[in-house]
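Spelled out, the chains give:
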Amino acid sequence: MSTTTYAVSGMSCAHCKATLTKVIGELDGVTGVDVDLATGQVTVSSTTEPDDALMGEVVDDAGYELTGRAA
Ligand SMILES: [Cu+2]
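Residues numbered from 1 in each chain as written. Predicted model: local features only at pLDDT ≥ 70, side-chain atom pairs only at ≥ 80, totals over all residues. Heavy atoms only, no water.

- Within an unreviewed UniProt entry, the label attached to the protein reads Heavy-metal-associated domain-containing protein, and the organism entered is Streptomyces chartreusis.

**Thoughts on the packing of helix 1 (residues 14-25) against helix 2 (residues 52-61)**
Between two packed helices, the angle of one axis relative to the other and the distance separating the axes together describe the packing.
Phase 1 of the analysis: Contact pair helix 1 / helix 2: the axes reach a minimum separation of 10 Å and the direction vectors enclose 140°. It follows that helix 1 is oblique to helix 2 by the angle criterion. Between helix 1 and helix 2 the crossing geometry is right-handed. On helix 2, the residues that touch L20, V23 and I24 of helix 1 are M55, V58 and V59.
Phase 2 of the analysis: Taken together, the residues that form the contact of helix 1 with helix 2 break down as 6 nonpolar, no polar and no charged. (Axes fitted to C-alpha atoms, helices over the stretch in contact; angles between N-to-C directions. Helix = DSSP H or I, 4+ residues; strand = E, 2+ residues; numbered from the N terminus. Parallel < 35°, antiparallel > 145°, perpendicular 65-115°, else oblique. Left-handed = near helix turned anticlockwise from the far one by under 90°. Contact = heavy atoms within 4.5 Å. Nonpolar A, V, L, I, M, F, W, Y, C, P; charged D, E, K, R; others polar.)

**Thoughts on the sheet that holds strand 2 (residues 30-36)**
Sheet strands line up and pair through hydrogen bonds in the backbone, either parallel or antiparallel.
Phase 1 of the analysis: One open sheet holds the 4 strands; their spatial order is 2-3-1-4, and the pairing between them is antiparallel. The sheet terminates laterally at strand 2 and strand 4 (65-69), the two strands that pair on one side only. The sheet shows a mean angle of 30° between the axes of neighbouring strands, taken without regard to direction.
Phase 2 of the analysis: As paired strands, strand 2 and strand 3 (residues 41-46) are joined by 6 bridges and run antiparallel to one another. What sits directly across from V35, in strand 3, is V42.
Phase 3 of the analysis: Against the sheet, helix 1 touches strand 1 (2-9), strand 2 and strand 3, its axis set at about 160° to strand 2.
Phase 4 of the analysis: Relative to the sheet, helix 2 contacts strand 1, strand 3 and strand 4, its axis offset from that of strand 4 by approximately 155°. (Pairing = 2+ DSSP bridges.)

Here is the structure:
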């Protein structure tokens, strides 16, 4: 079990939140997605360490930019 927080730019409303929750939630091993619009952070719970490259790809495909793991 792993929890990873990513910094994502371009999120502005509940629709962005719903979109990212859906696309990230569909990835293998992901058990939970928490989007925080105020801080621009997305926290992903997963059964194994998430693949950052894949995460960046799905976020990018959805129209946002994953800038890296949040400190
Ligand atoms: Cu939006």
